[in-house]
Amino acid sequence: MKKDYEKQIQKLLKKMTLEEKVGQLQQCGPSLVGAFEVSFEELLDMMFDGRISQEEFDKLMGTAEQDFHEEDLRAGRVGSYNGIGDADTVNRLQKIAVEETRLGIPLLFGYDVIHGFRTVTPIPLAESCAWEPALWEKTARVAAEEATAAGVHLTFAPMVDVAKDARWGRVSEGAGEDALLNSAYGAAKVKGFQGDDLAKEDAMAACVKHFVAYGAGEAGRDYNRVDMSMQRLWEEYMPPYQACIEAGARAVMPAFNDLNGVPCTVNSWLLRDVLREKWQFDGLVISDSNAIAECVAHGIAADKREAAKQAVIAGMDMDMSSNSYIEHLKELVESSEVEETVLDEAVGDVLRIKFELGLFDNPYRTDKEREQRTMLKPEYRALAREAAGKSIVLLKNENSILPLASGTRIGVFGSLAADKGQMTGAWAIGANPDDCVSLTEALEARKISYRYSADSADMQKTAEESDVLVAVLGEMKEESGEAASRAEITLPPEQLAMVRELAATGKPVIAVLFNGRPLAISQLDKTVPAIVEAWHLGVEAGNAVLDVLLGDVNPSGKLTTTFPAATGQCPMYYAHTNTGRPGGKSKFTSKYLDAPVEPLYPFGYGLSYTSYSYKELSIAKLEGALGVTVTVRNTGEKAGDEIVQCYVQTPAAKRVRPVRELKAFAKVTLKPGEEKAVTLKIPYDSLGYYDWDMKWTPYEGKLKVYAGGNVKDTIEGEIQLS
Ligand code: NOJ
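These notes cover the structure that comes with them. (Residues numbered from 1 in each chain as written. Predicted model: local features only at pLDDT ≥ 70, side-chain atom pairs only at ≥ 80, totals over all residues. Heavy atoms only, no water.)

**Things to note about the pairing of strand S8 (residues 251-254)**
Applied cut-off: Burial classes: relative accessible area under 20% of the type maximum marks a residue as buried, over 50% as exposed, and values in between as partly exposed (1.4 Å probe, protein chains only). Numbering goes from the N terminus for both helices and strands, where a helix is a DSSP run of H or I of at least four residues and a strand is a run of E of at least two. Only when DSSP finds a minimum of two bridges between them are two strands counted as paired. If the strands point away from the viewer and the path from the first strand over the helix to the second runs clockwise, then the crossover is right-handed.
Here S8 shows a buried face lined by Ala251 and Met253 and a second buried face lined by Val252 and Pro254. Across four bridges, strand S7 (residues 205-211) lies against S8 in parallel orientation. Bridging across to S8, Phe211 finds its partner in Pro254. Taking the sense of rotation as the criterion, the β-α-β connection linking S7, helix H10 (residues 230-246) and S8 turns out right-handed.

**Quick word on helix H11 (residues 268-278)**
Convention followed: The arc in question is the one spanned by the directions pointing from the helix axis to the C-beta atoms. Working rule for contacts: check all heavy atoms of both residues, and any pair within 4.5 Å makes them a contact.
Leu270, Leu271, Val274, Leu275 and Arg276 are the residues of H11 that are buried. Along the long axis of H11, the arc covered by the buried residues comes to 165°, so they all point the same way. Opposite the buried face of H11, by more than 90 degrees, sit the exposed residues Glu277 and Lys278. Looking at the buried positions of H11, the neighbouring elements they touch are S7, H10, S8, strand S11 (284-285), helix H13 (304-314) and helix H15 (340-356).

**A look at unusual backbone geometry**
Omega for the bond connecting Ala157 with Pro158 falls within 30 degrees of zero, at 5°, which places this linkage in the cis form. Residue placement: Pro158 occurs in the loop between strand S6 (154-155) and helix H9 (179-194). In this model, Lys209 is joined to His210 through a cis peptide bond whose omega is -10°. Positionally, His210 belongs in strand S7. Unusually for a residue other than glycine, Ala483 sits at a positive phi of about 55°. Inspection of the secondary structure puts Ala483 in the loop between strand S16 (468-474) and helix H20 (493-504).

**Side note on the sheet that holds S11**
Convention followed: All axes here are fitted lines through C-alpha atoms, helices being fitted over the stretch that makes contact, and every angle between N-to-C directions spans 0 to 180 degrees.
A sheet is described by the order of its strands in space; here eight strands give the open sequence S11-S8-S7-S6-S5-S4-S1-S12, paired in parallel fashion. For this open sheet the edge positions go to S11 and strand S12 (319-320), each flanked by a neighbour on one side alone. As paired strands, strand S1 (residues 26-28) and strand S4 (residues 80-82) are joined by two bridges and run parallel to one another. Pairing of Gln27 across the sheet is with Ser80, part of S4. Strand contacts of H10: S7 and S8, with the helix running at about 165° to S7, the strand carrying the most contacts.

**Thoughts on the state of the cysteines**
We apply this condition: The term disulfide is used for any two cysteine sulfur atoms that are within 2.5 Å.
Throughout the structure, instances matching the rule amount to zero disulfides. Of all cysteine sulfurs in the structure, the one in Cys244 sits closest to Cys207, which takes part in no disulfide; the separation is 10 Å. For the unlinked cysteine Cys264, the closest cysteine sulfur is that of Cys295, found at 9.7 Å. Looking at Cys264, the relative accessible area reads 0%, which means it is buried.

**Comments concerning the pattern of salt bridges**
Rule in force here: Counted as salt bridges are all cases of a side-chain nitrogen of Lys or Arg within 4 Å of a carboxyl oxygen of Asp or Glu.
A complete count under the given rule lists 58 salt bridges for this structure. The salt bridge partner of Glu132 is Lys390, with a shortest N-O separation of 3.1 Å. In this pair, Glu132 is assigned in the loop between helix H7 (124-128) and helix H8 (133-149) and Lys390 in helix H17 (residues 378-391), connecting sequence segments 258 residues apart. With a closest N to O distance of 3.2 Å, Arg633 and Glu675 form a salt bridge. Highlighted residues: Arg633 in strand S20 (residues 625-634) and Glu675 in strand S23 (residues 675-683), separated in sequence by 42 residues. Accessibility expressed as a relative area gives 31% for Arg633, which makes it partly exposed.

**Side note on the nonpolar core**
Keep this limit in mind: Put simply, buried Ala, Val, Leu, Ile, Met, Phe, Trp, Tyr and Cys residues joined by side-chain atoms within 4.5 Å make one nonpolar core.
Counting residues in hydrophobic clusters, the biggest one holds 167 residues, and the most contacted among them are Phe211, Val212, Tyr325, Ile510, Ile521 and Leu524. Aside from chain neighbours lying at most four places away, what touches Leu524 is Leu473, Leu491, Leu496, Val499, Ala511, Leu513 and Ile531. One finds Val628, Val644, Ala666 and Ala707 within the second-largest nonpolar core, a separate group that totals 26 residues.

**Some remarks on the side chain of Lys164**
What counts, and what does not: Any N or O atom pair separated by 3.5 Å or less is treated as a polar contact, with the protein-specific requirement of one donor-capable and one acceptor-capable atom, and with residues adjacent in sequence counted only for side-chain atom pairs.
In this structure, Lys164 sits in the loop between S6 and H9. Polar side-chain contacts of Lys164 include one of 2.7 Å to the side chain of Glu236. With sequence-adjacent residues up to four places away left out, Lys164 is seen in contact with Glu177, Gly215, Arg232, Glu236, Tyr237, Pro571, Met572 and Tyr573.

**Digging into the site of the ligand**
Heads up, the rule is: Note on definitions. A residue lies near a molecule or strand when any single heavy atom of the residue is within 4 Å of it. Residue-level accessible areas treat just the shown protein chains as cover; the underlying method is Shrake-Rupley with a 1.4 Å probe.
Taken together, 13 residues form the shell around the ligand, and within it Asp112, Arg170, Lys209, His210 and Asp288 come nearest. At 2.5 Å from an oxygen atom of the ligand is found a side-chain nitrogen or oxygen belonging to Asp112. Within the contact set of the ligand, an oxygen atom lies 2.6 Å away from a side-chain nitrogen or oxygen of Asp288. Burial of the ligand by the surrounding chains reaches 92%, relative to a free accessible area of 300 Å².

**Describing the packing of H11 against H13**
To be explicit about the condition: Note that the term roughly parallel is reserved for angles under 35 degrees, roughly antiparallel for angles over 145, roughly perpendicular for angles of 65 to 115, and oblique for everything else. Note: crossing handedness is left-handed where the near helix turns anticlockwise from the far helix by less than a right angle, and right-handed where it turns clockwise. In this classification, the charged set is Asp, Glu, Lys and Arg, the nonpolar set is Ala, Val, Leu, Ile, Met, Phe, Trp, Tyr, Cys and Pro, and all remaining amino acids, among them Gly, are polar.
At a minimum axis distance of 8 Å, the contact between H11 and H13 shows a crossing angle of 15°. When the axes of H11 and H13 are compared, the pair comes out roughly parallel. The handedness of the crossing between H11 and H13 comes out as right-handed. Between H11 and H13, the contacting residues are Ser268, Leu271 and Arg272 on the first element and Val312, Ile313 and Ala314 on the second. For the contact of H11 with H13, the per-class residue count stands at four nonpolar, one polar and one charged.

What follows is the structure, given as C-alpha cells:
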C-alpha cells in the first residue's frame, strides 16, 4: 500500500530556504582529484582508444583520490549522490546530511545496477531471451539485496527502450525489439527491485529509463534524434514505460534524445501531459547525466541558465551532474522567471521518494557487516548460473553435433575463452572480474580434458589433438553499451580468419559467441556447423556455456532481437509493415540488390537438443480476451522447455499495421513424447490501434492468429471480430 506523505512534505517545504530547496534537486557524483596529469575525460578516451589498458585505467582509478563535495553537502547543496556503492562511504555522507545540515534531510543514493550488483547476471538482452518474467524478477531481487546492502537506494533501471537497430550499442541493456516483451521484462524488474514495501531495507527504488524512444535514434547512433509519428510512438515505444509505471516504478529518467524536435529533458508534453497527467505518476523525474546542460548543444537553449529554466518548467525534478539547477535555479525563482510553486513541486517529488524509502526514520539502511555477508551468496551464484543457462540461444546445430559426448577431446580457441573480466558485459560497475568464471576455468573445474590455444602459433597442433574445435568469438564488453554504436556489426576479420583456418582442418567447429548485440554472422554461419549465442552472461558465464556444450542444460533461449544477414539491413525487426511491393523475386519489389531481404535468424528463434511440433490451433472468444489454444509436443528424446509464441495480424485495420505482432507467450516444460494444450490470452484491448487522427480504435474484422516456436515457423488460424 502506498502511503501518503503530503502533510510531512508540505511541513518540510515551509521550513526550507530557497537554497535548501534547490540543493535537494542536485545530484552529483564523486569527482576524481590529483593523481593524473590529464583530465578524467582524457583518461577515459585513453582507455577507449587503447593508449592505456583497462587494467591500467582501473589501477589509476583505484588510487585516485575522490572528492565527495562535502562542503556543499554540509551547506545543504546536495540532495543525492550517484555512483557510490559502499556502505561505509554512504553512511559517512549520510551522517553529514542528517547531523550537520540545518534540516537534517537524508540523502538519496542512486547507482546503475543494470544486471546485478556484485553477482553479475546476464546482460538484459541475454536475459530477455529466457522469456521468463519470474526469473527476471528473481535476478532483480538479488541485485536489490546486494546493492541495498552496499547503501544503494535507487537503481537507474530497468531500461525498456525498444531497440530495433542492432547498430545501437545499448541494445544490450534492454529486452530487445518488441514492446510486449519489454513491458513484461520491465514490470518484472520493477517488482523485483522494489519488493512490496519500499521502506524495507532491501528494497531499491526503480528508475525506468530512458523516457522516451531512446532506442529509435536515427541510424543506430547513440544520443541521436528521434523523429516519428505519434501513432508509432504510442503503439511501439510507449507501452513498456507505461507498464513499468503501472508496476509501481517510483522514478523515471527522460532520454538524452530529442523527440520530434524537443529534447525529452525539456519536453513538457512528455513529462507533464503524459507522465503526470495521463499516467498519474507522482514519483521522481531525474535527468540523464549532464542532459540539462546538453540542451545548449541541442540548440534549444542559449545557455545553462535557460536550459535549467526550461527543464524545471517542463517537469524535470532532479539534475544529474550538470550543475544547471544549483548554479541558476535560485536566481531564476528570485527573478520570477520560475514560479516557486514549480520548484516546490520538484522538491516535493524528491522528498516523497525519501519518505517512501523510509530514510527520514532510518537513514542508515545498511552497514559494513551486512554488506560483507550479502555479496555473492552461493544461492545468488546458483541463480546467476540458472539465468545464464536460460539466456543462451542455440542458433545452429547441424547433425546434432551438440551436446558433446563424454570423452570428446575439446580444443578451445580465442582469447575470450579465458578472459574472465570480459564475461560481465556492459554496465557492471559493481563487478569484480575475479568473481567471473571463464570457459577455460569451467573446463578446469570440471576436470574435462581440453587444450587451449589463444594465438595462431599452436593452433594447428591443438586442432590436431582435438576431436571438436570450440572457437570463442564475439565482442569485447566495451563494444556494446553506452556510446558504443557500430557501423559494421560483423565479426572482426581476425576472428573470421581463425574460424576459416580451424574449419580447414576438417574437424567440426563449434562457435561460441560472447557479444552484446545481434551480429551479422552470415560468414560464420556458412563456415561452421554449430553456433551457441552466449551473449555476456555475467559471473557464471563459463559454467553456463559448458552446461550447454555438455548437455547438462538443454538450451531453451529464443531471440528477442532479429539477427540481420548484413549490417546494411539495419534497422531490421520482425514487426515491420508491408510495402505495396513486399520483397520478392520480381525486380520492382522492396529489397536489396546485394543482400537478402530476410534476416539470418528470425525473432523468437532458438534451437534445443530436442524438437517440438505444433498442432490444433483454436481461438475462443472469452470474457475480456481471446483464448488461443495450441497443442505443443516434444517430438525428440530429451526433456526441454519450449517458449510458445502467439502473434497476430490485423489485415482490416484503417492504418497499415505490422505483418505480425507478438501478443502472448508462455514457457512449457515437456518430457520426451509429451504433449500439452497451452492456452494463451490476448486481451481485446491489446488488439486496438491509433487511427490517422490518433483516436484509439478497437480492431474489427478478420484477425489472423499464429502460434509457434518463432515468428517464421508457425501454424495459423483466424477469427472474425466485430
Ligand atoms: C548515462 C546513461 O545514459 C544512463 O543510462 C545512466 O543511468 C546514467 N548515465 C548514470 O550513470
